[in-house]
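Structural characterization, general
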Amino acid sequence: MDLSILGWDDHFEQNFRLLVSALPENKNILPGRVAAVHLSLVRVLTKMGELELAVSGKLRDGILTEGLPEEWLTGIPAVGDWVAFDHDPANRSGTIKAILPRKNCLTRNRAGALTDQQTMAANIDTVFIVGALNDELNFSRLERYLVSARNCGASPVIVLNKADLCLDPAEKQREAEKAAREIPVAVISAVLDQGMERLWKYLPEGRTCVFVGSSGVGKSTIVNRLTGTDTLATGELSAYKDKGRHITSSRNLFLLPNKRMVIDTPGLREMQLWDGGDGLSQTFDDIEELARACRFKDCRHEGEPGCAVKEAMKSGGLEPSRYKNYQKMHRELAAHKKRQAMKEKITEHRSSQKKVRSGQRRETLDEE
Ligand SMILES: Nc1nc2c(ncn2[C@@H]2O[C@H](COP(=O)(O)OP(=O)(O)OP(=O)(O)O)[C@@H](O)[C@H]2O)c(=O)[nH]1
Ligand SMILES: [Mg+2]
Ligand SMILES: [Zn+2]
């Protein structure tokens, strides 16, 4: 398999060379792209086809190969990552030694955790944010995904699926376009195979896209349409009435016959933002611009005189729900930042204490 089909380019090539020179004793180092991550094995697409590989203990434990720049990541790779592995051709297996530096990644704060970054997918070109055209369509939720797509740096596209369930899809499209502003909106029906060509438009050859959105909106059904197969299990409608049932449970990358890559993800119960970029400002630049016109520099837009934000909401220039959602995410990120800073302080304190303790121990040893 030609690796360029999988998105291999100069960026990865250069980093791969760096790694090869850092591991002179390993003669069989090869690159591959992660398609799925299971508990102990990682499914990787390589020039020999698909292989199931282990992650080296060192990498898993956060130890970087000597000679590599500090910013290289360690740990378990994510779907979409390019990895370098030591190939064992006799057993069609091998061990992942390094994760090549990512171009970008889609992250969130792990559900239930205070500060714990989770990578949903790496090296992404397009993020398809899916909503369903039924009563549960929630723009605020789509905006949340939009912020994380913007933080990642990939191009977002809003996909409104299940057009067959909607009396006036054109009206919904207009409404969504107004809310999404310059972000493209594609209205489709995956079950009726309608409008799929609108998605292809945002997925040129050699590029990678990821589907995100709540459970039951039809992500896997859409991916099945794109792959032209029934590979992925999709939900029975009744399962979704029963709240909390999710069909897809892991992330998976597929290479399509027409040389595009698609990642399906499980619906998220919680999409907590991870602070890492100016996605919020980019998504809500209209509000931030209004705020600059408020009379007071530190206006909180809570009834101060000369407040341009309040004024815009009164005159219909700004949807109150849009402002509310912005404010909520703004607060969430501020709180997250604070906790993150606290966590870093604690880690710093612990490591300096450890140093002091080991210093003391060494001194006692020296005395003996
Ligand atoms: N009416 C209608 N139903 C659809 C459409 N697309 C998907 N569905 C149905 O919606 C249900 C959920 O679809 P899935 O593809 O499993 O949804 P998902 O987003 O992958 O869900 P999770 O894997 O739980 O995140 C299934 O019963 C699909 O048949 C559509 O365009 N119209
Ligand atoms: Mg699914
Ligand atoms: Zn104001």
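Residues numbered from 1 in each chain as written. Chains lettered and ligands numbered in written order. Predicted model: local features only at pLDDT ≥ 70, side-chain atom pairs only at ≥ 80, totals over all residues.

**Remarks on the site of ligand 1**
Applicable threshold: To decide nearness, the C-beta atom of each residue is placed from the backbone, and the residue is near a molecule or strand if that atom lies within 6 Å of it. By the criteria applied, helices consist of DSSP H or I runs no shorter than four residues and strands consist of E runs no shorter than two, each listed in order from the N terminus. Each residue is assigned to one class: nonpolar for Ala, Val, Leu, Ile, Met, Phe, Trp, Tyr, Cys and Pro, charged for Asp, Glu, Lys and Arg, and polar for all the others, Gly among them.
Around ligand 1, the surrounding shell holds 23 residues, and the nearest of these are Gly218, Ser220, Thr234, Thr248 and Gly267. Sort the elements by how many residues they give to the shell around ligand 1 and helix α6 (residues 219–227) lands first, with 3 residues. When the residues that make up the shell around ligand 1 are grouped by side-chain class, the tally is 7 nonpolar, 12 polar and 4 charged.

**Let's talk about the domain arrangement of the protein**
This is how the line gets drawn: Where each domain starts and ends comes from a domain assignment, either automatic or drawn from a database. Here, residue contact means that the backbone-derived C-beta atoms of the two residues sit within 7 Å.
As assigned here, the protein comprises domain 1 (3–99), domain 2 (105–264) and domain 3 (279–337). Centre-to-centre separation of domain 1 and domain 2, based on C-alpha positions: 28 Å. Taken together, the contact pairs 12 residues of domain 1 with 16 residues of domain 2. Partitioning the side of domain 1 that touches domain 2 into residue classes produces 8 nonpolar, 3 polar and 1 charged.

**Regarding the sheet that holds strand β3 (residues 49–55)**
The cut-off we apply is this: Should DSSP find at least two bridges between two strands, the strands are regarded as paired. To obtain each axis, a line is fitted to C-alpha atoms, and for helices this fit is confined to the stretch in contact; angles are then taken between N-to-C directions over 0 to 180 degrees.
Taken in spatial order, the 5 strands of this closed barrel run β1-β2-β3-β5-β4, and their pairing is mixed. Taken over all neighbouring pairs, the strand axes of this sheet differ in orientation by 55 degrees on average, direction set aside. In terms of strand pairing, strand β1 (residues 29–37) meets strand β2 (residues 41–46) through 4 bridges, oriented antiparallel. Each bridged residue has a counterpart across the sheet, and for Ala36 the counterpart in β2 is Arg43. Across the sheet, helix α1 (residues 10–22) touches β1, β4 (82–88) and β5 (93–99), and the angle it forms with β1 is around 120 degrees.

**Overview of the pairing of β5**
Keep this limit in mind: Think of it as a crowd count around each C-beta: if 20 or more other C-beta atoms lie within 10 Å the residue is buried, if 12 or fewer it is exposed, and in between it is partly exposed, with C-beta placed from the backbone throughout.
The element β5 is extensively covered by neighbouring structure, given that 5 of its 7 residues are classed as buried. When β3 meets β5, the two strands line up parallel, connected through 2 bridges. Within the sheet, the bridge partner assigned to Ala54 lies in β5 and is Thr95. When β4 meets β5, the two strands line up antiparallel, connected through 6 bridges. The partner of Ala84 across the bridge, within β5, is Ala98.

**So, helix α10 (residues 308–315)**
Stated formally: Here, the arc refers to the directions that run from the helix axis to the C-beta atoms.
Those residues of α10 lying buried are Val309, Lys310 and Ala312. Take α10 and look down its axis: the buried residues cluster within an arc of 160 degrees, on one side only. Residues of α10 that are exposed and point more than 90 degrees away from the buried face comprise Lys314 and Ser315. Among the residues trailing α10, Gly316 stands out with phi positive, at a value near 90 degrees.

**Description of the sheet that holds strand β12 (residues 252–255)**
Read from one edge to the other, the open sheet built from 6 strands follows the order β10-β9-β8-β11-β13-β12, with strand pairing classed as mixed. Across the chains shown, the open sheet's two edge strands, defined by having one partner strand only, are β10 (185–187) and β12. Averaged over all pairs of adjacent strands, the angle between strand axes in this sheet comes to 25 degrees, irrespective of strand direction. As paired elements, strand β8 (residues 126–132) and strand β11 (residues 208–212) share 4 bridges and run parallel to each other. Following the sheet pairing, Val127 is matched in β11 by Val210. Sheet contacts for helix α4 (residues 169–180): β9 (155–161) and β10; angle to β10, the most-contacted strand, approximately 165 degrees. Across the sheet, α6 is in contact with β8, β9, β11, β12 and β13 (261–264); its angle to β13 comes to roughly 160 degrees.

**So, the environment of Phe139**
Inspection of the secondary structure puts Phe139 in helix α3 (residues 139–152). Since 19 C-beta atoms lie within 10 Å of it, Phe139 is described here as partly exposed. Separated by 117 residues in sequence, Phe139 and Leu256 have C-alpha atoms that sit 30 Å apart.

**Brief notes about the pairing of β9**
To keep things clear, this is the line we draw: Note on handedness: a clockwise path from strand one over the helix to strand two, with the strands aimed away from the viewer, defines a right-handed crossover.
Counted residue by residue, β9 has 6 buried out of 7 residues, so it is predominantly covered. Summarising the sheet, β8 and β9 pair through 7 bridges and their orientation is parallel. Directly across from Val130, in β9, lies its bridge partner Val159. As a crossover connection, the stretch from β8 through α3 into β9 is right-handed. As defined by bridge partners, β9 adjoins β10 across 3 bridges and the pair is classed as parallel. Counterpart to Val159 in the pairing with β10 is Ala186. Handedness of the crossover joining β9 and β10 through α4: right-handed.

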